[in-house]
Amino acid sequence: MTDTTDEKLDYSAFKGEIWSKKLNAGLDKTCVMLQCVNRDYQADADKGVSQINIITPQEVTVGAYTGSIEGYGVAPSKKVSLKLNQSVYFGFNVPDIDQAQSNVGIMDAIITKAKTAVESAIDTYLFNEYKNAAATNVTGSDTKLETLSKTTVYAKFVSLAKTLKNSGAIGPQTKGWVVIHPDVEELLLLSSEFTNTANLGDTTVTDGSIGRIAGLDVFVSNNVGKDAGGYTILAGTKQAITFASQIKKIETLRAQNSFDSLIRGLYTFGALTLNPSALAVIKANIA
């Protein structure tokens with residue numbers, strides 16, 4: 001009889017580096033808000049730091065040249081910090097008999113479960129960056145909500161896009177996005193303007209998007225956009241928010257009272273709104 005003890009206890013596949021690649025790749029594909037931010041400083045986070053200092057450049061002065069330069073930009077370069085100060089853990093038990101008899105890769109199954117648990121926390125956290133949108137880019141408020149219906153929702157989205165274009169966030173080389181709750185999606189799908197645009201088939205939408213309105217790819221998440229006070233619709237560009245993450249630790253332990261192994265991990269992350277003018281918000285209710 002072959003001894004399968006070593007095979008059943010082989011958890012080398014759960015090394016942190018492998019987990020980081022697999023988990024982050026899965027999140028990038030399905031986590032809605034991760035498709036709406038940039039990861040420009042992820043390489044620094046991969047070095048294990050907990051804070052990344054970012055220098056934002058000064059404004060550039062432009063003027064008519066009449067033989068002399070009148071002045072230079074006076075806004076100083078500013079240092080801001082991206083802090084990886086958010087943490088979420090995940091933990092699973094893996095019975096030895098299940099691992100021995102499983103016909104599918106146990107690691108892939110656990111990564112899928114971990115991804116689902118983590119992406120909800122990330123979606124919620126990143127969506128809350130709407131609070132850092134430029135005040136002039138916010139329509140409605142908690143005390144004075146805009147009203148959405150199937151006849152007005154499309155126009156509201158066009159107005160969001162106009163706000164981002166007027167602020168210079170969306171241009172010929174820059175695409176925008178908007179994230180909504182499924183309740184708002186229902187209104188869009190009942191809107192003749194949106195369905196007619198979708199039926200034209202004259203634009204290519206981003207993977208995961210349900211369509212495009214006035215240059216905004218429309219994403220839907222049931223993790224965000226609804227609370228007791230109403231609905232929040234968030235639009236922006238990838239230049240608005242930067243995000244970085246780390247898998248801090250992956251551990252495999254033996255259970256004390258059973259023939260199981262316990263797998264647990266700690267995932268840390270952080271975000272920073274670098275360009276408030278590249279975000280636009282509508283606070284609304286549904287008629």
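Above: the structure in question.
Residues numbered from 1 in each chain as written. Predicted model: local features only at pLDDT ≥ 70, side-chain atom pairs only at ≥ 80, totals over all residues. Heavy atoms only, no water.

1. Here we look at the pairing of strand β13 (residues 279-286)
Taken across its eight residues, β13 has six buried, putting it largely inside the fold. In this structure, strand β4 (residues 138-139) lies alongside β13, joined through two bridges in parallel fashion. Residue Thr139 lies in a different strand from β13, and its bridge partner there is Ile282. Judged from the six bridges that link them, strand β10 (residues 230-236) and β13 form a sheet pairing that is antiparallel. Across the sheet, Gly236 pairs through a bridge with Leu279, a residue of β13. (Buried < 20%, exposed > 50% of the residue type's maximum accessible area, 1.4 Å probe, protein only. Helix = DSSP H or I, 4+ residues; strand = E, 2+ residues; numbered from the N terminus. Pairing = 2+ DSSP bridges.)

2. Some words on helix α6 (residues 153-166)
Relative to the 20 Å expected for 14 residues at 1.5 Å per residue, α6 spans 20 Å between its end C-alpha atoms, a close match to the ideal helical length. Among the residues of α6, Val153, Tyr154, Phe157, Leu160, Ala161, Thr163 and Leu164 are the ones counted as buried. Following α6 by one or two positions, Gly168 has its phi on the positive side, about 85 degrees. (Expected span 1.5 Å × (residues − 1).)

3. Quick look at the pattern of salt bridges
Scanning the model with the defined rule gives seven salt bridges in all. A salt bridge links Glu146 to Lys156, with the shortest nitrogen-to-oxygen separation between them at 2.5 Å. Linking Glu146 in strand β5 (residues 146-148) with Lys156 in helix α6, this pair joins segments that are ten residues apart in sequence. Relative accessible area serves as the criterion here: at 22%, Glu146 is assigned to the partly exposed category. Among the ionic pairs, Arg212 bridges to Asp217, the shortest N-O distance being 2.9 Å. You can call Asp217 buried: its relative accessible area is 2%. Residues joined in a network through salt bridges with shared partners are Lys175, Arg212 and Asp217. (Salt bridge = Lys/Arg side-chain N within 4 Å of Asp/Glu carboxyl O.)

4. Details of helix α7 (residues 182-189)
Among all positions in α7, only Val184, Glu185, Leu187 and Leu188 are buried. Taken down its axis, α7 places every buried residue within 155 degrees of arc, on the same side. (Arc of directions from axis to C-beta.)

5. Notes on the sheet that holds strand β11 (residues 241-254)
In spatial order, the strands read β3-β12-β11; together these three strands make up an open sheet with antiparallel pairing. Only two strands of the sheet have a single neighbouring strand rather than two, namely β3 (86-95) and β11. For this sheet, the mean inter-axis angle between neighbouring strands, taken without regard to orientation, is 15 degrees. Pairing of β11 with strand β12 (residues 260-273), which is carried by 13 bridges, proceeds in the antiparallel orientation. Each residue of the ladder has a partner; that of Ala244, found in β12, is Gly270. (Axes fitted to C-alpha atoms, helices over the stretch in contact; angles between N-to-C directions.)

6. Overview of the environment of Leu279
Note that Leu279 resides in strand β13. In the structure, Leu279 is positioned 42 residues away from Thr237 in sequence and 7.0 Å away in space, judged by C-alpha atoms. If we ignore the near neighbours within four places in the chain, the residues touching Leu279 are Glu129, Ala133, Asn137, Leu164, Trp177, Leu234, Ala235, Gly236, Ala240, Ile241 and Thr273. (Contact = heavy atoms within 4.5 Å.)

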